[in-house]
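Understanding the architecture of this molecule
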Amino acid sequence: MQPDPGFTVITLPGESDAYVAPRIRSDLESALGTEAPLVVDLTQATFIDSTIVGVLLEGLANCERLERPLLLLLPDDAAPEVHRLFEITGLSSLLPVVRSWDEAASRLVG
């Protein structure tokens, strides 16, 4: 399933590190200006460094403050390195992770 047009989607393709952090932070801030639920799509991510983790946690805090839903899409077939980062750091318990667009839709709409 593809994303619902009612979602604001920020995609992190390939490697995301300190170099792209300002763009991701800006994308998150822009997304907060809309009413649509926010999904950060990690389907194509191959690497995420600690700077990006900080940006995602900051984005989650901003969403919570504004009472806006935010989900991270991390399918089972996403890069093992990204899954490992979430497991080792415990991010799965801090960030709202879903495995599919269907799961995202049910959590955001339901």
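Residues numbered from 1 in each chain as written. Predicted model: local features only at pLDDT ≥ 70, side-chain atom pairs only at ≥ 80, totals over all residues. Heavy atoms only, no water.

Below, the discussion takes up helix α5 (residues 101-109). Taken together, the buried positions of α5 are Trp 101, Ala 104, Ala 105 and Leu 108. Axial view of α5: buried residues confined to an arc of 100°, hence all on one face. Residues of α5 that are buried in the fold lie against β1 (8-11), β3 (38-41), β5 (70-73) and β6 (97-98). (Buried < 20%, exposed > 50% of the residue type's maximum accessible area, 1.4 Å probe, protein only. Helix = DSSP H or I, 4+ residues; strand = E, 2+ residues; numbered from the N terminus. Arc of directions from axis to C-beta. Contact = heavy atoms within 4.5 Å.)

Before going further, it helps to examine the nonpolar core. Residues Leu 42, Leu 72 and Phe 86 are the most contacted members of the largest nonpolar core, which totals 30 residues. Listed by contribution, the elements that provide at least two residues to this core are α1 (21-31), β3, β4 (45-48), α2 (50-65), β5 and α3 (80-89). The leading source of residues in this core is α2, at 6 residues. The residues touching Leu 42, leaving out its near neighbours within four places in the chain, are Leu 12, Ile 48, Leu 72, Leu 73, Leu 74, Ala 78 and Phe 86. In this structure, Phe 7, Val 98, Ala 104 and Leu 108 belong to the second largest nonpolar core, which totals 9 residues. (Core = buried A, V, L, I, M, F, W, Y, C linked by side-chain atoms within 4.5 Å.)

Once that is clear, we can look at the environment of Leu 95. Note on placement: Leu 95 falls in the loop between α4 (91-94) and β6. In the structure, Leu 95 is positioned 39 residues away from Leu 56 in sequence and 8.3 Å away in space, judged by C-alpha atoms.

The next subject is the pairing of β3. Remark: a regular strand shows side chains that alternate across the two faces of the sheet. Where burial is concerned, the two faces of β3 agree: the one with Leu 38 and Val 40 and the one with Val 39 and Asp 41 are both buried. Strand direction decides the pairing type here: β1 and β3, joined by 4 bridges, are parallel. Note that in β3 the partner of Val 9 across the bridge is Val 39. Inspection of the sheet shows β3 paired to β5 by 4 bridges, in the parallel sense. (Pairing = 2+ DSSP bridges.)

The subject of this paragraph is the sheet that holds β6. The sheet built from 4 strands is open, its strands ordered β1-β3-β5-β6 with parallel pairing. Both edges of this open sheet fall to β1 and β6, since each of them pairs with a single strand only.

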